[in-house]
Structure formats: structure tokens, C-alpha cells
Amino acid sequence: RAASEANRLQNEAKVKEMQDSQESSELRVAQLQDELAHHAELATASERDAASLAEQLAQKDAEAAAHARQMRADLEVVLADLHAQAAVPGENGTQDAITCMDFVA
């Protein structure tokens, strides 16, 4: 009978140990799920930041292209004016206008 009681106590101890181990595992799973959710939130925020930066870059690129087009148009006006000045002989002469065109080109 004593052996039976000792065996029962030993089995209860094993059951308790297994329950504790299961609880510990469940806690660890919950922690890992929380960490995973946090990392998912960070990834989503990073994706939003990347999308925002891509939009800003596209806007800056469009602005730079518009600025380049405007500069090109302004340059064409200046060159047309220089050509017009070169066609009219005057006190500064054609040479000044041609020199300016060479410099701009």
C-alpha cells in the first residue's frame, strides 16, 4: 500500500510538472504572438513610410523635370534674342552676340 501511495504521489508530481510546463509554453506562445503582432505593426508602418517617401520622390522628380523644362524654355528665349541681336549690326557689333551664344551653348 505504501508503494501504491508513493506511486500516486509521484504521478501527481509528474502531472503537476507537465501542467506547469504547458502553462509556461502557453505563456511563451502568447509572448511570441505579441512580438509577432508588434513586428507586423512595424512592418506596416515601414511600408507606409516607404510609400510616403516614394510619393515625395516622385513629386520632387516631377518638380525637377518641370524646372528643367522651364530653364530650357528660358534658355531658348535668350538664344533667340541673341540670334536676333546678332542679325542686327550695331555699335556692340555681331561679335558680342556670337560670343554670348558660344558661351551659352
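The sections below set out a description of the structure shown in this document. (Residues numbered from 1 in each chain as written. Predicted model: local features only at pLDDT ≥ 70, side-chain atom pairs only at ≥ 80, totals over all residues. Heavy atoms only, no water.)

### Structural notes on the overall build of the protein chain
Applied cut-off: The way it works is that DSSP assigns letters per residue, a run of H or I at least four long becomes a helix, a run of E at least two long becomes a strand, and they are numbered from the N terminus. The buried label applies to any residue whose accessible area, calculated with a 1.4 Å probe on protein chains only, is under 20% of its type's maximum; exposed applies above 50%, and partly exposed to all values in between.
Counting its regular elements, the protein chain contains two helices and zero strands. Residue burial in the protein chain is summarised as follows: out of 105 residues, 4% are buried.

### A look at the pattern of salt bridges
Our working definition: Salt bridges are identified by distance alone: a Lys or Arg side-chain nitrogen within 4 Å of an Asp or Glu carboxyl oxygen.
Overall, the coordinates contain five salt bridges when judged by the stated rule. For E35, the salt bridge is made with R28, and the minimal N-O distance between the two is 3.9 Å. Note on E35: relative accessible area 40%, which makes it partly exposed. Using a relative accessible area of 41% as the deciding quantity, one classes R28 as partly exposed. Among the salt bridges present, the one from R72 reaches E76, with a minimum N-O distance of 3.1 Å.

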